[in-house]
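# Structure assessment
So the chains spell out like this:
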Amino acid sequence: MAAPGGTLNCEDFSMFQEVLKLMRTIDDRIVHSLNTTVPTVSFSGKVDATQTCKQLYESMMEAHLTRDKAIKSCIAQTSEVVGQLREERAKDSENLTLLKQLRKEQTKLKLMQSELNVEEVVNDRSLKVFSERCRIHYIPPKVK
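Residues numbered from 1 in each chain as written. Predicted model: local features only at pLDDT ≥ 70, side-chain atom pairs only at ≥ 80, totals over all residues. Heavy atoms only, no water.

The protein is annotated in an unreviewed UniProt entry as Protein MIX23 from Perca fluviatilis. Quoted verbatim from the Sequence similarities (unreviewed entry) heading of the UniProt record, the comment on the protein is "Belongs to the MIX23 family." (UniProt positions renumbered as here; feature names shortened; annotations may be inferred.)

Below is the structure:
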């Protein structure tokens, strides 16, 4: 998966987290974006708040979808590696190097799965802030 500033590396968990951090920039700066683009009542005539909120919402949803796909792709890739290592361990249960590698991959898989929970919290927070600030200007479509 391509990401701003780099490629999502599923092999190295610390790099995986670093790229996700870069990809979450829009959510980290949501309050600033809303404050600088959505006008207060006194400036409401100078900016089209409806269009601004709609564009911000669409870019936020695109970022959420991209990150979700990237995380799930890495989870699938790591799950596949864990499956292969389990098969190899079944054939050679005495191989300590193989056992260590399996444990390492299982730990990485659990950490990646926990990133889905982090992603849910980040998305919920961003949507809450967005709806508090843009609810009178733009109502996003219902998500199924």
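Right, picking up where we left off after that structure.
## Observations regarding the overall build of the protein
Scanning the protein from terminus to terminus reveals five helices and two strands. Mapped from its N terminus to its C terminus, the protein presents α and β elements in the order β-β-α-α-α-α-α. Residue burial in the protein is summarised as follows: out of 144 residues, 32% are buried. For the protein, restricting intrachain contacts to residue pairs at least 6 apart in sequence, the fraction spanning at least 24 positions comes to 75%. When the accessible area of the protein is evaluated, it comes to approximately 9400 Å², of which 55% is carbon and sulfur surface. (Helix = DSSP H or I, 4+ residues; strand = E, 2+ residues; numbered from the N terminus. Buried < 20%, exposed > 50% of the residue type's maximum accessible area, 1.4 Å probe, protein only. Contact = heavy atoms within 4.5 Å. Areas by Shrake-Rupley, 256 points an atom, 1.4 Å probe, with all protein chains shown as cover.)

## Section: the state of the cysteines
Summed over the entire model, instances satisfying the criterion amount to two disulfides. With its sulfur 1.8 Å from that of its partner, Cys 10 forms a disulfide with Cys 74. Around the S-S axis, the bridge from Cys 10 to Cys 74 shows a dihedral of about -70° and counts as left-handed. Within this pair, whereas Cys 10 is found in the loop between β2 (6-7) and α1 (13-23), its partner Cys 74 is found in helix α4 (residues 49-91), the two being separated by 64 residues in sequence. The side chain of Cys 53 participates in a disulfide bridge whose partner is Cys 134; the two sulfur atoms lie 2.0 Å from each other. Since a negative S-S torsion denotes a left-handed disulfide, the Cys 53-Cys 134 link at about -75° is left-handed. A residue pair is termed long-range when its members are at least 10 positions apart, and Cys 53 in helix α4 and Cys 134 in helix α5 (residues 96-134) qualify at 81 residues. Note on Cys 53: relative accessible area 0%, which makes it buried. (Disulfide = S-S within 2.5 Å.)

## Observations regarding a negative patch on the surface
Residues Glu 87, Glu 88, Asp 92 and Glu 94 make up a contiguous surface patch of negative charge. Structurally, Glu 88 is set in helix α4. (Patch = residues over 30% accessible without salt bridge, like charges linked within 9 Å, V, L, I, M, F, W, Y side chains within 5 Å. Salt bridge = Lys/Arg side-chain N within 4 Å of Asp/Glu carboxyl O. Lys, Arg positive; Asp, Glu negative; His and termini not counted. Charge placed at Lys NZ, Arg CZ, Asp CG, Glu CD.)

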